[in-house]
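Next come the chains, spelled out residue by residue.
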Amino acid sequence: MNHATVNNENTGKKLGIIALLLSVFCVPLLGVVVGIFAWLKSRAAGQGNLFAVLAIIINLIYTVLLVFFLVSIFAVSKAVVEQRQQEDALEALTLQQQKAERAAGHVDTDRIAEELQAKLEMFHQAHGVYPSFGKLLSERGPLALSEEQREVLVSTATPRSTRVGFQSCVASNGVSSGVMLRPGSGNPPLIVGDCSNIAARRE
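Just so it is clear, the structure is predicted and the values come from calculations on it, not from any experiment.

### Section: the overall build of the chain
Okay, so step 1: A tally of helices and strands in the chain yields six helices and four strands.
Okay, so step 2: Across the chain, helices and strands are ordered from the amino to the carboxyl terminus as α-α-α-α-α-α-β-β-β-β.
Okay, so step 3: The burial tally for the chain puts 31% of its 203 residues in the buried class.
Okay, so step 4: Here the analysis covers contacts within the chain between residues at least 6 apart in sequence; of these, 56% occur between residues at least 24 apart.

Laid out in structure tokens, this is it:
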């Protein structure tokens, strides 16, 4: 065996070890390339290279698993985006239908009044008081009104049957003690809090 053969054998084994280490450091694709190069180098020298063979097999397995993982992530992300787009489209369609119903005078004021009642209770739990009409309209975040709720409260030009009246109740100390909601005309009001003292009316 000449000196060049020894050098080739040692170089191939060293590259095989490096390729095997690349699998440990999660660089499988590079590990496959280095492993194949190390195996070819050892083969050219007429020697075997177990490290290179193991590196090729392990890194190929890691590469397949990595590709499968990335494809799965892409598929899941695509499904999430498509579902979100469908939900947004459905929400936009629902809002459009609700707007058309309000324009035609078909408004479920009882449902909207109940939604507002729940929102007013949430406001009271968060702030300790009930909001005025202006405060309710300017609220942001989870307590903000939906477009439908806002339009039913604000659009005073529409018939009373398609609106929800808002009546703020203020105690003798000037603190808002409750709110009275009147869903359309002729319907019994929904009272939130104490409305024994009525100081302002907005219908």
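### Section: the confidence of the model for the chain
Okay, so step 1: Of the residues in the chain, 86% have a pLDDT of 70 or more, and the chain-wide mean is 80.
Okay, so step 2: Strand β4 (residues 198-202) is the least confidently modelled element of the chain, averaging 58 in pLDDT, while helix α4 (residues 109-127) averages 89, the highest of any element.
Okay, so step 3: Here residues 1-9 is modelled with pLDDT under 50, and outside its nearest four sequence neighbours on either side it reaches nine contacts, counting other chains as well.

### A closer look at the state of the cysteines
Okay, so step 1: Tallied over the entire structure, the rule returns one disulfide.
Okay, so step 2: Covalent S-S linkage joins C169 and C195, the inter-sulfur distance amounting to 2.1 Å. Handedness here is read from the sign of the S-S torsion; for C169 and C195, about 85°, the answer is right-handed. Separated by 26 residues along the polypeptide, C169 in strand β1 (residues 164-170) and C195 in the loop between β3 (190-193) and β4 bring together distant segments of the chain.

Reading the values: the criteria
- Residues numbered from 1 in each chain as written.
- Predicted model: local features only at pLDDT ≥ 70, side-chain atom pairs only at ≥ 80, totals over all residues.
- Heavy atoms only, no water.
- Helix = DSSP H or I, 4+ residues; strand = E, 2+ residues; numbered from the N terminus.
- Buried < 20%, exposed > 50% of the residue type's maximum accessible area, 1.4 Å probe, protein only.
- Contact = heavy atoms within 4.5 Å.
- pLDDT = per-residue confidence, 0-100.
- Disulfide = S-S within 2.5 Å.

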